[in-house]
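Structure at a glance
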Amino acid sequence: LGLIYLEQKEAEKALETFQAVEAVEPNNADLRYYLALTYEEMKRYDDALREIQRALALRPKSLELYLHLGHVYERLGNLPQAIATLTQAVELEPWNPGAQFYLGLAQSENKAYTDAAASLQKAVALDDSNAAYHFNLGVVYEKLGDFEASVAQMQRTIDLDPKQLLKFTHPGEI
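Residues numbered from 1 in each chain as written. Predicted model: local features only at pLDDT ≥ 70, side-chain atom pairs only at ≥ 80, totals over all residues. Heavy atoms only, no water.

Bringing helix α8 (residues 113-126) into the picture now. In a regular helix each residue adds 1.5 Å, so 14 residues correspond to 20 Å; α8 covers 20 Å between its end C-alpha atoms and thus fits that length. Listing the buried residues of α8 in full gives Tyr113, Ala116, Ala117, Ser119, Leu120, Ala123 and Val124. (Helix = DSSP H or I, 4+ residues; strand = E, 2+ residues; numbered from the N terminus. Expected span 1.5 Å × (residues − 1). Buried < 20%, exposed > 50% of the residue type's maximum accessible area, 1.4 Å probe, protein only.)

Okay, here's the thing in structure tokens:
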């Protein structure tokens, strides 16, 4: 029921539902994750952070939880901690292109463009068919001044899905 409320953007009702479950299942990692999602929807990032950390204590090998924890740190403006957490995600599953991608995005946001390029290159090497990976690698190449590589990545983005350029364009970056 809480997930239905959350899907309907009724975060207060979702929170009430999840808190009722919490009273009987306080050590449920999924519940902690759902609480974190709910708090994030409510823009209560400190509460979301606490719940993700609790979930990770219960399920320490969860890539999904590490990725989400990195995202919450980004929302809180703590890019160094986001990068450290996303690096842990990559160490957990180095073959996962999504982990490499999210690490690259955080590094790019932190203006560590060389590191971002390396992470995004790994994401592209692991999944060459993802237009978002190519697009963001192109943006990073542009930031590094490698316009030829940037154009090649943008062309690959268009080849994969022409609509992606519109979807992923950030004002002032293209």
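Next comes the rest of the account.
Another aspect to go through is the packing of helix α9 (residues 131-143) against helix α10 (residues 147-160). One way to put it is that α9 packs onto α10 with a least axis distance of 8 Å and a crossing angle of 160 degrees. For the element pair α9 / α10, the angle class is roughly antiparallel. Where α9 crosses over α10, the two elements pack in a sense that is left-handed. Of the residues in α10, those touching α9 at Ala131, His134, Phe135, Leu137, Gly138, Val139, Tyr141 and Glu142 are Phe147, Ala149, Ser150, Gln153, Met154, Arg156, Thr157 and Leu160. Split by residue class, the contact of α9 with α10 holds nine nonpolar, five polar and two charged. (Axes fitted to C-alpha atoms, helices over the stretch in contact; angles between N-to-C directions. Parallel < 35°, antiparallel > 145°, perpendicular 65-115°, else oblique. Left-handed = near helix turned anticlockwise from the far one by under 90°. Contact = heavy atoms within 4.5 Å. Nonpolar A, V, L, I, M, F, W, Y, C, P; charged D, E, K, R; others polar.)

Applying the stated criterion across every chain, the model contains four aromatic pairs. When the centroid spacing of 6.1 Å and the interplanar angle of 55 degrees are considered together, the rings of Tyr33 and Tyr34 count as tilted. Aromatic pair Phe101 and Tyr133: ring centres 4.7 Å apart, planes at 35 degrees, arrangement tilted. One end of the pair, Phe101, is in helix α7 (residues 97-109); the other, Tyr133, is in helix α9, with 32 residues separating them in the sequence. (Phe/Tyr/Trp six-rings, centres within 6.5 Å; stacked < 30°, edge-to-face > 60°.)

Attention now goes to the environment of His134. Structurally, His134 is set in helix α9. You can call His134 buried: its relative accessible area is 2%. Sequence separation between His134 and Glu22 is 112 residues, and the spatial gap between their C-alpha atoms is 41 Å. Leave out the neighbours within four places in its chain, and His134 touches Val124, Asp128, Gln153, Arg156, Thr157 and Leu160.

Read these as geometric descriptors, not functional statements.
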